Amino acid sequence: SACRRIGGLDFTTVEGGRLGVQTQSGRTVLVEISHLGINSVFFHDLAKGEEVKKMVAAAKAEHKDRQIVIGIDHLDLVKGTLIKLQAYHRFLETHDDWKDRVVLIQVL
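Residues numbered from 1 in each chain as written. Predicted model: local features only at pLDDT ≥ 70, side-chain atom pairs only at ≥ 80, totals over all residues. Heavy atoms only, no water.

A closer look at a nonpolar patch on the surface
(1) Moving on: A contiguous nonpolar patch, built from Ile 70, Ile 72 and Val 107 and spanning about 250 Å² of accessible area, is present on the exposed surface.
(2) Moving on: Here Ile 70 is to be found in strand S4 (residues 67-72). (Patch = residues over 30% accessible without salt bridge, like charges linked within 9 Å, V, L, I, M, F, W, Y side chains within 5 Å. Areas by Shrake-Rupley, 256 points an atom, 1.4 Å probe, with all protein chains shown as cover. Salt bridge = Lys/Arg side-chain N within 4 Å of Asp/Glu carboxyl O. Helix = DSSP H or I, 4+ residues; strand = E, 2+ residues; numbered from the N terminus.)

What about the pattern of salt bridges?
(1) Moving on: Inspection of every chain in the model, using the stated rule, returns 3 salt bridges.
(2) Moving on: One salt bridge in this structure joins Lys 53 and Glu 50, with 4.0 Å as the shortest N-O distance. Taken as a pair, Lys 53 and Glu 50 lie in helix H3 (residues 50-62) at a separation of 3 residues, close to a single helical turn.
(3) Moving on: Judged by relative accessible area, Lys 53 falls into the partly exposed class, the value being 44%. (Buried < 20%, exposed > 50% of the residue type's maximum accessible area, 1.4 Å probe, protein only.)

Take a look at the structure:
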């Protein structure tokens, strides 16, 4: 998002989890993103709670025959939510056989 905000440049997702940034001269620059870690103890403890267990059971019941991928993010463009959604979209475009076998549940 900084490429767009500051430089007015657009980007695309590139295989391997990188961004391809188009410069004004037409050159593509690859950008690799290093995310900060998450508080895994917090999420581990949260997952043990009854409310989360009910939500998981409901998701499994609704999407019986599908693999469920869950993303948990703050609503912050720096955290990579947009990139995750683009990667999921690209996965479905390149793996047509998964379109009816997987669902992404994004929690913000």
